[in-house]
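Listed below, chain by chain, are the residues.
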Amino acid sequence: MSATLERATMVAPDISCGHCVATIQKAVGGLDGVSKVAASEQTKQVQVEFDPARVSLAQIEAMLDEEGYPVQK
């Protein structure tokens, strides 16, 4: 694993329940290069730790959008 992991926190206002959290964690966590993902129903945030050599922040945001949780810009 690369030592150059990056962390990002994104706001996804449509997170409303435990099912949303589970869906996000499964989808984003399944991306190659994502080592950690934590979604919160309370804060509407998604925190991700990833290897930018393997996956981009744009790809992570696209996955969230595809799953129905667009990131607030």
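Residues numbered from 1 in each chain as written. Predicted model: local features only at pLDDT ≥ 70, side-chain atom pairs only at ≥ 80, totals over all residues. Heavy atoms only, no water.

Visitor: Please provide a residue-by-residue account of the pattern of salt bridges, values included.
Guide: Counted according to the given criterion, the structure contains three salt bridges. The residue Glu49 makes a salt bridge to Arg7 at a minimum N-O spacing of 2.8 Å. Linking Glu49 in strand E3 (residues 45–50) with Arg7 in strand E1 (residues 6–11), this pair joins segments that are 42 residues apart in sequence. Residue Arg7 is classed as exposed on the basis of its relative accessible area, which comes to 70%. In this structure, Glu61 engages Lys73 in a salt bridge whose closest nitrogen and oxygen atoms are separated by 2.5 Å. Of this pair, Glu61 sits in helix H2 (residues 57–66) while Lys73 sits in the segment after H2, placing them twelve residues apart in sequence. The class for Glu61 is buried, based on a relative accessible area of 18%. A relative accessible area of 78% means that Lys73 is categorised as exposed. (Salt bridge = Lys/Arg side-chain N within 4 Å of Asp/Glu carboxyl O. Helix = DSSP H or I, 4+ residues; strand = E, 2+ residues; numbered from the N terminus. Buried < 20%, exposed > 50% of the residue type's maximum accessible area, 1.4 Å probe, protein only.)

Visitor: I'd like a description of helix H1 (residues 18–29), backed by residues and values.
Guide: In this model H1 runs 16 Å from its N-terminal to its C-terminal C-alpha over twelve residues, within 8% of the 16 Å that 1.5 Å per residue would give. Within the sequence span of H1, burial applies to Cys20, Val21, Thr23, Ile24, Ala27 and Val28. On an axial view of H1, the arc spanned by its buried residues comes to 165 degrees, and they lie on one face. Along H1, exposed side chains directed more than 90 degrees from the buried face belong to His19 and Lys26. Considering only its buried residues, H1 is in contact with strand E2 (34–39), E3 and H2. (Expected span 1.5 Å × (residues − 1). Arc of directions from axis to C-beta. Contact = heavy atoms within 4.5 Å.)

Don't take any of this as a statement about function, it's just geometry.
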